[in-house]
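So the chains spell out like this:
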Amino acid sequence: MAIDYGKVRTGLAVTDPVRIIATALTTVETPTLLSFIKDYCAREEVDVFVVGEAKHMDNTPSESMALIEPFVQELKNTFPDKEIARIDERFTSKMAFQTMIDSGLKKKQRQSKGMIDQIAATIMLQDYLKSKNI
């Protein structure tokens, strides 16, 4: 499961059991995120959480990391048996928006920030799968 963590809402993506392709799952309001993940993990098998690392162009952590790191720690505490992988999330939102344009979505549809978050999570998960040669 990939997690594109945001202050207000968080995009989620998952992959099939064979780990061939990443698919957008949903967007969740961030205050309810951990509860959603617990419920999802009770129904579906998740062995790795892929969480984005927000960085500036010079590789220093962005301001968002102050929000992401406490969440990652809470995720570790809640799911001590699951791996947490970190992946650079720079440009994923821009890539997500471009994907929406390339897919032919109308301007009104492209204004959905929740959809952008889901696509960004999907891009992160696909990058993770590619990096593992899965």
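What you see is a predicted model; the values in this text were computed from it and never measured.

**Q** Teacher, can you tell me more about the overall build of the protein here?
**A** Of the regular secondary structure elements, the protein holds five helices and five strands. When the elements of the protein are put in sequence order from the N terminus, they spell out β-β-β-α-β-α-β-α-α-α. A burial count over the protein gives 39% of its 134 residues as buried. Long-range contacts, defined as pairs at least 24 residues apart, comprise 61% of the intrachain contacts of the protein with a sequence gap of at least 6. About 7800 Å² of surface is accessible on the protein, with carbon and sulfur atoms providing 52% of the total.

**Q** Looking at this structure, I do not really get the environment of Gln-118. What am I missing?
**A** The topology assignment puts Gln-118 in helix H5 (residues 113-131). Note: C-alpha distance between Gln-118 and Gly-11 (107 residues apart in sequence) is 4.2 Å. With near-sequence residues (within four places) excluded, Gln-118 lies in contact with Gly-11, Leu-12, Ala-13, Ala-24, Leu-25, Thr-26 and Thr-27.

**Q** Even after reading the chapter, I still don't get the packing of aromatic side chains, so can you show me in this structure?
**A** Here the distance between the centres and the angle between the planes together describe a pair of aromatic rings. Applying the stated criterion across every chain yields a total of three aromatic pairs. With a centroid separation of 4.8 Å and an interplanar angle of 25°, the aromatic rings of Tyr-5 and Phe-71 are classed as stacked. Pair noted here: Tyr-5 is in the loop between strand E1 (2-4) and strand E2 (9-15) and Phe-71 is in helix H2 (residues 65-78), with a separation of 66 residues, a long-range link. According to the relative accessible area criterion, Phe-71 is buried, its value standing at 5%. Ring plane angle 55° and centroid distance 5.2 Å describe the contact between Phe-49 and Phe-79, whose orientation is recorded as tilted. Of this pair, Phe-49 sits in strand E4 (residues 48-53) while Phe-79 sits in the loop between H2 and strand E5 (83-88), and the two are 30 residues apart along the sequence.

**Q** Is there a simple way to explain the environment of Tyr-128 in this structure?
**A** Relative to the helices and strands, Tyr-128 is located in helix H5. Residues Tyr-128 and Val-50 lie 78 residues apart in sequence; the distance between their C-alpha atoms is 7.5 Å.

**Q** Looking at this structure, I do not really get the pairing of E2. What am I missing?
**A** Each regular strand shows side chains that alternate between the opposite faces of the sheet. Among the seven residues of E2, five are classified as buried, and the element is accordingly described as predominantly covered. The pairing of E1 with E2 spans three bridges and is antiparallel. Pairing of Asp-4 across the sheet is with Gly-11, part of E2. Count of turn residues in the E1/E2 antiparallel hairpin: four residues. Pairing between E2 and strand E3 (residues 22-29): seven bridges, direction antiparallel.

Criteria and thresholds
- Residues numbered from 1 in each chain as written.
- Predicted model: local features only at pLDDT ≥ 70, side-chain atom pairs only at ≥ 80, totals over all residues.
- Heavy atoms only, no water.
- Helix = DSSP H or I, 4+ residues; strand = E, 2+ residues; numbered from the N terminus.
- Buried < 20%, exposed > 50% of the residue type's maximum accessible area, 1.4 Å probe, protein only.
- Contact = heavy atoms within 4.5 Å.
- Areas by Shrake-Rupley, 256 points an atom, 1.4 Å probe, with all protein chains shown as cover.
- Phe/Tyr/Trp six-rings, centres within 6.5 Å; stacked < 30°, edge-to-face > 60°.
- Pairing = 2+ DSSP bridges.

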